[in-house]
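Each chain, letter by letter, is given below.
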Amino acid sequence: MVQEILRNEQSYVESLQIIVTKYFKVLKSPEHAGMIESRTVDEIFFMVPDILEIHQKFLAELKSRWDSWEANQKVGDAFLETVSCVCSVVRYFFQESHL
């Protein structure tokens, strides 16, 4: 089960990395200025780099635990920490969007 969680998280992180490197950073680069306003790019990709960072940390923690897996190993605390970070991002989103 943990191996499946690890694979899914790896896939999610890879998808977020593609979004950030191939779209967000490219659209924010000086050579693409004027293609889409910087503010619009920020709105479209709002918090995506932050979400990527949270999930990269979670993935690293999962990998570390998997590499030294023991019979009584647990990952619940890593999930709780990640959920706490994601909740902070969601709260910030709603504060910024004034919903």
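Since we're looking at a predicted model, the values are computed, not measured. (Residues numbered from 1 in each chain as written. Predicted model: local features only at pLDDT ≥ 70, side-chain atom pairs only at ≥ 80, totals over all residues. Heavy atoms only, no water.)

Asker: Could you clarify how one ought to interpret the confidence of the model for the protein chain in this entry?
Answerer: Low-pLDDT stretches of the model should not have their predicted coordinates read in fine detail. Chain-level statistics for the protein chain give a pLDDT mean of 86 and a share of 96% at 70 or above. Highest mean pLDDT in the protein chain belongs to helix α1 (residues 2-28) (94); lowest belongs to helix α4 (residues 76-97) (76). (pLDDT = per-residue confidence, 0-100. Helix = DSSP H or I, 4+ residues; strand = E, 2+ residues; numbered from the N terminus.)

Asker: Teacher, can you tell me more about helix α3 (residues 48-67) here?
Answerer: Structural remark: α-helix, 3.6 residues per turn; residues separated by three or four positions point the same way. Across its 20 residues, α3 extends 28 Å between first and last C-alpha, which sits within 8% of the 28 Å expected from 1.5 Å per residue. For α3, the complete set of buried residues consists of V48, L52, I54, H55, F58, L59, L62 and R65. Looking down the long axis of α3, one finds its buried residues gathered within 160° of arc, a one-sided arrangement. Those residues of α3 that are exposed and angled more than 90 degrees off the buried face are K57 and D67. (Expected span 1.5 Å × (residues − 1). Buried < 20%, exposed > 50% of the residue type's maximum accessible area, 1.4 Å probe, protein only. Arc of directions from axis to C-beta.)

Asker: Is there a simple way to think about α1 in this case?
Answerer: Its 27 residues give α1 an end-to-end C-alpha distance of 37 Å, which sits within 8% of 39 Å, the value for a rise of 1.5 Å per residue. When the local axis directions of α1 are compared, the greatest deviation, roughly 30°, occurs at V20. Inspection of α1 places V2, L6, E9, V13, L16, V20, F24 and L27 among the buried residues, and these make up the whole buried set. Buried residues in α1 make contact with α2 (38-44) and α3. (Bend = angle between axes of the 7 residues up to and from the residue. Contact = heavy atoms within 4.5 Å.)

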